Amino acid sequence: GNSKIIGSYISLITKAESRYEGILTEVDKVKKTMSLKNVRGFGTEGRRDGVNEIPPNDAVLGTVKFRVDLVKTFEIIEKPTEEPEEEAVDPAIVA
């Protein structure tokens, strides 16, 4: 299911042609949202043919929730690293 892509570093382009990259933290199928953390905005990068281009944003935007129906495309850049099984924590330790 979708849980496999949680934690992936993804790049998405919204319907406004603006590109964002960040780490996927949540996909809400009911509310049709996807949340990314450590988000950077790269603007429209010429996808609007020079009309009302959105400039890139140097600041890290933190956590951003996107409406899935306003996301045009997204791709997984890097999948989360699989945790090795043998490093299991002692089950006696609660926190």
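Presented here is a report on the structure given in the accompanying data block. Remember, predicted model here, so these are calculated numbers, not experimental data.

**Some words on the pairing of strand E3 (residues 33–43)**
Examined bridge by bridge, strand E2 (residues 19–28) and E3 share eight bridges and lie antiparallel to one another. Along E3, the bridge assignment pairs Tyr20 with Gly41. Between E2 and E3, which pair antiparallel in sequence order, lie four residues; one of them, Lys32, sits at a positive phi of approximately 55°. One ladder, built from four bridges, connects E3 with strand E5 (residues 64–67); its direction is antiparallel. By the bridge assignment for E5, Thr33 is matched with Arg67. The sheet contact formed by E3 and strand E4 (residues 57–60) spans two bridges and is antiparallel. Of the residues in E4, the one forming a bridge with Gly41 is Asn57.

**Re the pattern of salt bridges**
For the structure shown, the criterion picks out six salt bridges. Where Arg19 meets Glu45, a salt bridge forms, and the shortest distance between an N and an O atom there is 2.7 Å. Here Arg19 is found in strand E2, whereas its partner Glu45 is found in the loop between E3 and E4, with 26 residues between them in sequence. Taken together, the shared-partner salt bridges in this structure form one network comprising Glu17, Arg19, Glu21, Glu45, Arg47 and Lys72.

**Re the nonpolar core**
Core analysis: the biggest nonpolar cluster contains ten residues, these being Ile5, Ile10, Leu12, Tyr20, Leu24, Met34, Leu36, Val39, Phe66 and Val71. Elements that contribute at least two residues to this core include exactly strand E1 (9–14), E2 and E3. When near neighbours in sequence (up to four residues on either side) are disregarded, Leu12 contacts Ser18, Arg19, Tyr20, Met34, Leu36, Phe66, Val71, Thr73 and Phe74.

**Looking at the side chain of Ser18**
Here Ser18 is to be found in the loop between E1 and E2. With near-sequence residues (within four places) excluded, Ser18 lies in contact with Leu12, Ile13, Gly43, Thr44, Arg47 and Ile54.

About the thresholds
Residues numbered from 1 in each chain as written. Predicted model: local features only at pLDDT ≥ 70, side-chain atom pairs only at ≥ 80, totals over all residues. Heavy atoms only, no water. Pairing = 2+ DSSP bridges. Helix = DSSP H or I, 4+ residues; strand = E, 2+ residues; numbered from the N terminus. Salt bridge = Lys/Arg side-chain N within 4 Å of Asp/Glu carboxyl O. Core = buried A, V, L, I, M, F, W, Y, C linked by side-chain atoms within 4.5 Å. Buried < 20%, exposed > 50% of the residue type's maximum accessible area, 1.4 Å probe, protein only. Contact = heavy atoms within 4.5 Å.

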